[in-house]
Amino acid sequence: MRRIETRSILDATQQANQPLAAARLFGWHHALFSTGCGLYLLEVGAWRTRFMQVVSGPMGQERVHYQAPPADAVDEQMQQFLAWCNGPTELGPVLKAGLAHFWFMTIHPFDDDKNRMARAIADFS
């Protein structure tokens, strides 16, 4: 695990008493990608602004497995998600962590690295 990745996880667990906010998530995302991301341009520390699908298969025979909400809906959906994460719940901590992970993954708010971010959010929850 990279050192930056560890800092994001530590912030999620050791600062769990602090509310989860967009600025905090942007900081985690920026820390993970402070040196860029290989061959393509990546929006770092901001909600995605592009169309997103999970696709597999060879060119011309692609199969769409999932299509994320439109980019212009991400901010509103993340505000709802963050309010739920920070609010009281009757759910047990394991169930809340699982639901937080799933909900975050379905919004797919970042261009890349939603997996490590989702794990940090599950640790936070």
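Just so it is clear, the structure is predicted and the values come from calculations on it, not from any experiment.

Caption draft 1: Seen up close, the overall build of the chain. Tallying secondary structure elements over the chain gives 5 helices and 2 strands in all. Listing each helix as α and each strand as β along the chain from the N terminus yields α-α-β-β-α-α-α. Each of the 125 residues in the chain was classed as buried or not, and the buried ones make up 33%. The long-range fraction of contacts in the chain, counting pairs at least 24 apart against all pairs at least 6 apart in sequence, stands at 54%. With the model as given, the accessible surface of the chain reaches about 7500 Å², and the carbon-plus-sulfur share is 57%.

Caption draft 2: Structural view of the side chain of Lys96. Among the secondary structure elements, Lys96 is positioned in helix α4 (residues 93–107). Of the side chains with opposite charge, Glu90 comes closest to the buried, unpaired Lys96, at an N-O distance of 12 Å. If we skip the residues at most four places from it in the chain, Lys96 touches Trp84, Cys85, Gly87, Thr89, Leu91 and Ser125.

Caption draft 3: Main features of the UniProt feature "active site" (unreviewed entry) in the chain. As recorded in UniProt, the sites labelled "active site" (unreviewed entry) are His108. By the secondary structure assignment, His108 is in the loop between α4 and α5 (114–124).

Caption draft 4: Up close: the pairing of strand β2 (residues 63–67). Strand direction decides the pairing type here: strand β1 (residues 53–56) and β2, joined by 4 bridges, are antiparallel. Across the sheet, the residue bridging to Ser56 is Arg63, located in β2. With antiparallel pairing between neighbouring strands as the criterion, β1 and β2 make up a hairpin whose turn holds 6 residues, including Gly57 at a positive phi of roughly 105°.

Caption draft 5: The arrangement of α4 in detail. For α4, which comprises 15 residues, the first-to-last C-alpha distance of 21 Å matches the rise-based estimate of 21 Å (1.5 Å per residue) to within 8%. For α4, the complete set of buried residues consists of Lys96, Ala97, Ala100, Phe104 and Ile107. On an axial view of α4, the arc spanned by its buried residues comes to 100°, and they lie on one face. Across α4 from its buried face, at more than 90 degrees, point the exposed residues Val94 and Phe102. Phi turns positive, to about 50°, at His108, one or two residues after α4.

Caption draft 6: Spotlight on the nonpolar core. Ranked by internal contacts, the top residues of the largest apolar core, which has 20 residues, are Leu20, Leu25, Met78, Phe81, Phe104 and Ile121. Among the secondary structure elements, those contributing two or more residues to this core are α2 (22–32), α3 (74–86), α4 and α5. With near-sequence residues (within four places) excluded, Ile121 lies in contact with Leu20, Leu25, Trp28, Phe81, Ala100 and Phe104.

The rules behind the values
Residues numbered from 1 in each chain as written. Predicted model: local features only at pLDDT ≥ 70, side-chain atom pairs only at ≥ 80, totals over all residues. Heavy atoms only, no water. Helix = DSSP H or I, 4+ residues; strand = E, 2+ residues; numbered from the N terminus. Buried < 20%, exposed > 50% of the residue type's maximum accessible area, 1.4 Å probe, protein only. Contact = heavy atoms within 4.5 Å. Areas by Shrake-Rupley, 256 points an atom, 1.4 Å probe, with all protein chains shown as cover. Lys, Arg positive; Asp, Glu negative; His and termini not counted. Salt bridge = Lys/Arg side-chain N within 4 Å of Asp/Glu carboxyl O. UniProt positions renumbered as here; feature names shortened; annotations may be inferred. Pairing = 2+ DSSP bridges. Expected span 1.5 Å × (residues − 1). Arc of directions from axis to C-beta. Core = buried A, V, L, I, M, F, W, Y, C linked by side-chain atoms within 4.5 Å.

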